Amino acid sequence: MADAPLRLEIEDRIAVITLDQPDRLNALDLPLRRALHDTFANLNANPDIRAIIITGGETVFAAGADIRLLADKTPAAVRGLGFADLWRPIGESPKPLIAAVCGYALGAGCELALMCDIIVADGTAQFGQPECKVGIMPGAGGSQRLIRTLGKQAASLLLMTGGNLTAERAFQLGLVSELAEAGGCLAAARKIAGRIARMPPLAIAAIKQSLAVGADLPLPAALALENREFLLLFVTQDQKEGMAAFLEKRQAEFKGI
Ligand code: COA
């Protein structure tokens, strides 16, 4: 489709979603949000997919919510847009998600990156939540994920000034997992996705679940969750295969069961 708001490629069990409205800096309008929702819902249900990369291409990740869509809305009308439901398959995806960020990741674009498990960025990347400049605040997890990732002081600086973090600074603060060389962002993300795709998927899913749920539990409950996920992996064939392969000094052949 010539005017589809995003592109999807699947290769070697890795899906790459490219937001494809660069003339509008990939501002998240309703067609793009719906396409993201549907694409993630399909990929989440596909057992062959081992990792999902989301990128905006080589110049911009996404410059936030489409301000034209929101400018004259009432609270009820904004709620009626269904943003929370549209985000759900991304925020609750059981798959490993990697954001490959070049250029601006602002507002909802930054929130989209923050929903991912891993963020790769090159030196052009800039992260920010400039919502306060237009009289609002983040509404898709930005403030809550930033305080958990950066801590209160660094998060407040970003949220209350509407300023941006460079890729380098975001890496220092732990928001970016890996810095890529100029133009090498997607390649670096693919490399990480490839390494994850070779791992036993049930172990990866258990790690994701443990991090996603455990991070917001009191430590004793989080440790109990981790222990349960750990024990459950001993019913998998991949655990038997992985340990046998190690002891026999051969490459493991994981089946995802
Ligand atoms: N919503 C709607 N349209 C947007 C947009 C957004 N969040 N961000 C960028 N665009 C559009 C611009 O209106 C412009 O469209 P036009 O060519 O039809 O006028 C086009 O994308 C290019 O943006 P422009 O502002 O000309 O690019 P720039 O390089 O001068 O500035 C930014 C880039 C990111 C600094 C600037 O676009 C910006 O501040 N965007 C808004 C970011 C924001 O506040 N996000 C949170 C929204 S709640």
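Refer to the preceding data block for the structure.
What you are looking at is a predicted structure, and each value in this text was computed from that prediction instead of being measured. (Residues numbered from 1 in each chain as written. Predicted model: local features only at pLDDT ≥ 70, side-chain atom pairs only at ≥ 80, totals over all residues. Heavy atoms only, no water.)

Structural notes on unusual backbone geometry
So, step 1. The backbone phi angle of R13 is positive, close to 70°, even though this residue is not glycine.
So, step 2. Looking at the element boundaries, R13 is found in the loop between β1 (6-11) and β2 (14-19). (Helix = DSSP H or I, 4+ residues; strand = E, 2+ residues; numbered from the N terminus.)

Comments concerning the pairing of strand β3 (residues 51-55)
So, step 1. With 5 of its 5 residues buried, β3 lies for the most part within the structure.
So, step 2. What you see with β3 is no split at all: A51, I53 and T55 on one side and I52 and I54 on the other are buried throughout.
So, step 3. The β-α-β motif built from β2, the intervening helix α1 (residues 30-44) and the parallel element β3 has right-handed crossover chirality.
So, step 4. Pairing analysis gives 4 bridges linking β3 to strand β4 (residues 97-101), with the strands arranged parallel. Its bridge partner being in β4, I54 is matched across the sheet by A99. (Buried < 20%, exposed > 50% of the residue type's maximum accessible area, 1.4 Å probe, protein only. Right-handed = clockwise from strand over helix to strand, strands pointing away. Pairing = 2+ DSSP bridges.)

Considering the site of the ligand
So, step 1. Contacts to the ligand come from 13 residues, most closely from L25, A63, A65, D66 and I67.
So, step 2. In the environment of the ligand, a nitrogen atom lies 3.1 Å from a nitrogen or oxygen atom belonging to the backbone of A63.
So, step 3. Between a nitrogen atom of the ligand and a main-chain N or O atom of I67, the distance comes to 2.9 Å.
So, step 4. Notes on the ligand: free accessible area 860 Å², of which the protein chains cover 55%.
So, step 5. The residue inventory of the shell around the ligand, partitioned by class, reads 9 nonpolar, no polar and 4 charged. (Near = heavy atom within 4 Å. Polar contact = N/O pair within 3.5 Å; in protein donor to acceptor, adjacent residues only side chain to side chain. Areas by Shrake-Rupley, 256 points an atom, 1.4 Å probe, with all protein chains shown as cover. Nonpolar A, V, L, I, M, F, W, Y, C, P; charged D, E, K, R; others polar.)

What about the side chain of N26?
So, step 1. Counting through the fold element by element, N26 comes out in the loop between β2 and α1.
So, step 2. Overall, N26 belongs to the buried group, its relative accessible area being 0%.
So, step 3. Polar side-chain contacts of N26 include one of 3.3 Å to the backbone oxygen of G56.
So, step 4. Within the structure, the side chain of N26 is placed 3.0 Å from the backbone oxygen of F61, a separation counted as a polar contact.
So, step 5. For N26, the residues in contact, after removing those within four places along its chain, are L19, D20, Q21, L32, G56, V60, F61, A62, A63 and G64. (Contact = heavy atoms within 4.5 Å.)

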